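For reference, the chains in residue letters:
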Amino acid sequence: MSLTFLTYLFVGASFALYIGIAVWARAGSTSDFYVAGGGVHPVINGMATAADWMSAASFISMAGLIAYMGYGGGLFLMGWTGGYVLMATLLAPYLRKFGRFTVPAFFADRYYSKSAAGMAVICLLVASLTYIIGQMTGVGVTFARFLGVTNEMGIYLGMAIVFSYAVFGGMKGITYTQVAQYCVLISAYTIPAIFISFQLTGVPIPQLGLGASLVGEDITLLTKLNQVVTELGFGEYTTALPGSRLNMFVYTISLMIGTAGLPHVIIRFFTVPTVADARYSAGWALVFIAILYTTAPGVAAMARYNLHATVSPEVLTSAPLVAEGAGLVYEDRPEWMKRWEVTGLLAWTDKNNDGKIQYYNDKSTDPKFAAAGWQGNELTVNRDIIVLANPEIALLPNWVIALVAAGGVAAALSTAAGLLLAISSAVSHDLLKKIFIPDMSEKNELLTGKISMALAIVLAGYLGLNPPGFAAGTVALAFGIAACSIFPALMMGIFNKNMCKYGAISGMAVGLFVTLFYVFAHKGIFFFKGTEYLGLIGGANSFFGITPEAFGAIGAGLNFLTAYIVSKVTPPPPEHIQEMVENVRTPRGSSAVSGAH
Amino acid sequence: MEDQAKAYWFATLKLIGGILVVWAIVSYGFGILLAPALNNISLGGYPFGFWWAQQGSIYVFIALIFVYAKMQGKIDVKFNVNEE
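Since the structure is predicted, the reported quantities are computational estimates derived from the model, not experimental observations. (Residues numbered from 1 in each chain as written. Chains lettered and ligands numbered in written order. Predicted model: local features only at pLDDT ≥ 70, side-chain atom pairs only at ≥ 80, totals over all residues.)

Now for the overall build of chain B. Across its full length, chain B carries three helices and two strands. In summary, chain B has a C-alpha radius of gyration of 17 Å against a globular reference of 12 Å for 84 residues, an excess of more than 25%. Across the 84 residues that make up chain B, the buried fraction comes to 36%. Contacts in chain B between residues at least 24 apart in sequence constitute 50% of all its contacts with a sequence separation of at least 6. (Helix = DSSP H or I, 4+ residues; strand = E, 2+ residues; numbered from the N terminus. Rg over C-alpha atoms; globule rule 2.2 N^0.38 Å. Buried ≥ 20, exposed ≤ 12 C-beta atoms within 10 Å, placed from the backbone. Contact = placed C-beta atoms within 7 Å.)

It is worth spelling out helix 12 (residues 263-270) of chain A at this point. Extensive coverage of helix 12 of chain A is indicated by the burial of eight of its eight residues. Turning to helix 12 of chain A, its buried residues number three or more, namely A:Pro263, A:His264, A:Val265, A:Ile266, A:Ile267, A:Arg268, A:Phe269 and A:Phe270.

A word on unusual backbone geometry. Residue and element names in this part refer to chain A. The phi torsion at Tyr-112 lies on the positive side, around 35°, for a residue other than glycine. Relative to the assigned elements, Tyr-112 resides in the loop between helix 5 (103-110) and helix 6 (114-147). Residue Phe-526 is not a glycine yet carries a positive backbone phi of 50°. Inspection of the secondary structure puts Phe-526 in the loop between helix 21 (501-523) and helix 22 (552-569).

Residue and element names in this part refer to chain A. Contact pair helix 11 (residues 245-259) / helix 22: the axes reach a minimum separation of 7 Å and the direction vectors enclose 65°. In terms of orientation, helix 11 lies roughly perpendicular with respect to helix 22. In this structure, helix 11 contributes Val-250, Ile-253, Ser-254, Ile-257 and Gly-258 to the contact, and helix 22 contributes Gly-552, Ala-553, Ile-554 and Ala-556. (Axes fitted to C-alpha atoms, helices over the stretch in contact; angles between N-to-C directions. Parallel < 35°, antiparallel > 145°, perpendicular 65-115°, else oblique.)

Before going further, it helps to examine the confidence of the model for chain A. The predicted model of chain A has a mean per-residue pLDDT of 87, with 95% of residues at 70 or higher. Overall, residues 27-37 of chain A carries pLDDT values under 50, and its contacts beyond four positions in sequence, including any with other chains, amount to 23 contacts. (pLDDT = per-residue confidence, 0-100.)

Attention shifts here to the packing of helix 3 (residues 56-69) of chain A against helix 13 (residues 275-311) of chain A. All names here are of chain A. Running from N to C, helix 3 and helix 13 cross one another at 50°; their axes reach a closest spacing of 8 Å. By the angle between their directions, the pair helix 3 and helix 13 is classed as oblique. Crossing hand, helix 3 versus helix 13: right-handed. Where helix 3 abuts helix 13, its residues Ser-58, Met-62, Ala-63, Ile-66 and Ala-67 lie against Leu-292, Ala-296, Pro-297, Val-299, Ala-300, Ala-303 and Arg-304. (Left-handed = near helix turned anticlockwise from the far one by under 90°.)

Here it is as structure tokens:
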């Protein structure tokens with residue numbers, strides 16, 4: 001069976017499965033989709049949370065970035081898992097006891113003001129929109145490859161499909177659909193990894209294969225990879241840093257606290273049956289997430305190795321990699337390279353006219369490259385294609401490649417659709433109905449929700465055509481924005497009884513403003529190309545070499561500081577609010593969250 | 001009653017503090033700041049610092065959440081504030 005046919009079959013069958021489950025689950029329950037987690041066992045809820053959480057960034061993009069970053073890529077791995085420890089210990093059980101449905105609703109009560117809720121909606125919208133831009137980048141890559149069209153066309157098609165998927169609506173909230181999505185996604189990720197790990201090292205478990213020796217050779221995979229990449233002028237794989245060690249440190253903080261501040265993840269813990277379940281749910285979610293996250297480093301290193309072994313056949317014969325006439329003859333390139341060339345995400349230019357592919361770091365000043373007649377790197381490989389291309393690079397059977405396609409589509413669609421729903425409820429319910437037009441009819445609320453979804457997707461799609469970075473990098477920006485604005489105010493709302501509305505609102509405003517100012521300086525105002533103002537902040541990464549993706553941690557620090565100082569000089573919260581905080585701290589008396597939204 | 005509530009909150013904060021200390025040591029300590037030194041040791045074919053950054057810290061995070069959930073549950077029972 002042809003690859004194209006198998007791809008349509010796998011993607012089609014997985015969709016039929018999700019829709020089938022949605023229809024079946026609908027018929028059996030009348031509960032509102034917002035209470036999806038109610039009455040569900042923590043293990044099942046954890047699995048659904050994992051599906052919700054692992055988006056195009058985790059599935060499609062992350063391993064590709066790690067493949068290029070090497071050791072420094074660990075910041076994604078630690079950052080996007082370590083946040084769950086913060087969530088479990090600092091937020092989830094208390095927010096569950098608090099018993100509100102959305103983050104703005106919590107802010108409205110805890111900070112006894114509509115302005116605090118409004119501020120939270122603004123932060124939530126900026127973070128979610130940025131997140132969707134990253135998702136659209138991933139969606140574009142997926143559809144471009146599997147429909148055999150250009151990246152641009154892939155994004156247009158993706159926009160249409162995501163929009164109809166989100167409007168179909170309630171699917172997102174049905175826990176068992178997400179359990180199915182998790183199963184598709186995780187098998188699509190681990191099966192090729194097991195194949196490849198076994199091919200390269202003889203060890204079928206990628207977590208162990210990454211630390212094993214290559215088949216038939218007396219050298220470990222990582223040592224060999226280090227040799228190959230350093231010979232080609234790249235940084236050593238197991239020690240390469242993202243800018244600096246300080247930047248890696250701050251970047252990791254930003255992702256961790258961003259995880260604990262992202263509304264669409266927090267919302268999951270509002271709806272588990274008990275406070276104790278909220279704690280365990282976070283643990284189970286992390287177990288299911290960790291299956292992918294501990295596989296990813298193996299996928300990354302092995303993909304990098306296979307890629308170099310493909311374009312520099314000398315890797316396998318241990319001949320010098322950098323020599324005159326080294327490299328793969330372009331006409332002999334494998335099928336997968338031809339398939340990806342169609343999308344424009346992989347491209348070759350023969351700079352020295354020898355008909356061979358030279359793939360190396362041409363920023364290296366080592367004279368050996370020029371001496372070998374190499375006149376610049378000739379191959380560009382978009383990092384976001386690595387995971388999808390991985391089974392093709394390793395020449396795995398067609399059904400594995402088709403399975404990865406189904407996983408990529410599931411990951412991209414589920415999170416993008418979930419975020420659109422979060423945006424629509426924030427605009428129509430939390431902002432318009434609760435603050436501006438209290439007597440809005442339910443029909444109009446639904447309508448404004450759909451309009452805001454449509455606007456969000458058009459904007460995100462447009463910006464996704466010229467994305468501020470690779471999918472995972474853009475998503476990291478979204479985490480930074482959640483980190484600098486929402487997390488500190490949530491945490492202080494629970495752990496500091498005397499935090500008042502003035503402190504919380506000014507903290508969020510300062511954190512968000514300073515972070516966006518730094519990010520937009522690098523990436524353009526609201527990510528529109530051509531509006532960057534690097535001169536104003538004294539050049540790229542001018543703040544101690546901190547990259548914009550990592551800056552959310554600095555913003556969060558300023559948020560905490562501002563809130564603390566302002567709360568010292570303004571009136572404390574009223575007595576009943578302080579009692580409410582006392583009450584939130586103990587589990588007893590937690591009532592089921594009602595479906596009223 | 002007031003004292004009970006204070007003691008409960010103190011015990012909770014102590015537990016969370018302990019969990020977060022371990023959390024910081026494995027990720028920011030072993031995974032980032034001490035990674036160059038730990039890389040001199042190897043675990044199988046893994047440089048040890050690299051292993052903490054890309055594998056080890058994640059396993060510890062999982063263990064931490066379950067330990068936290070279990071111990072916090074015990075504290076809840078001890079101070080009689082658990083859910084029925």
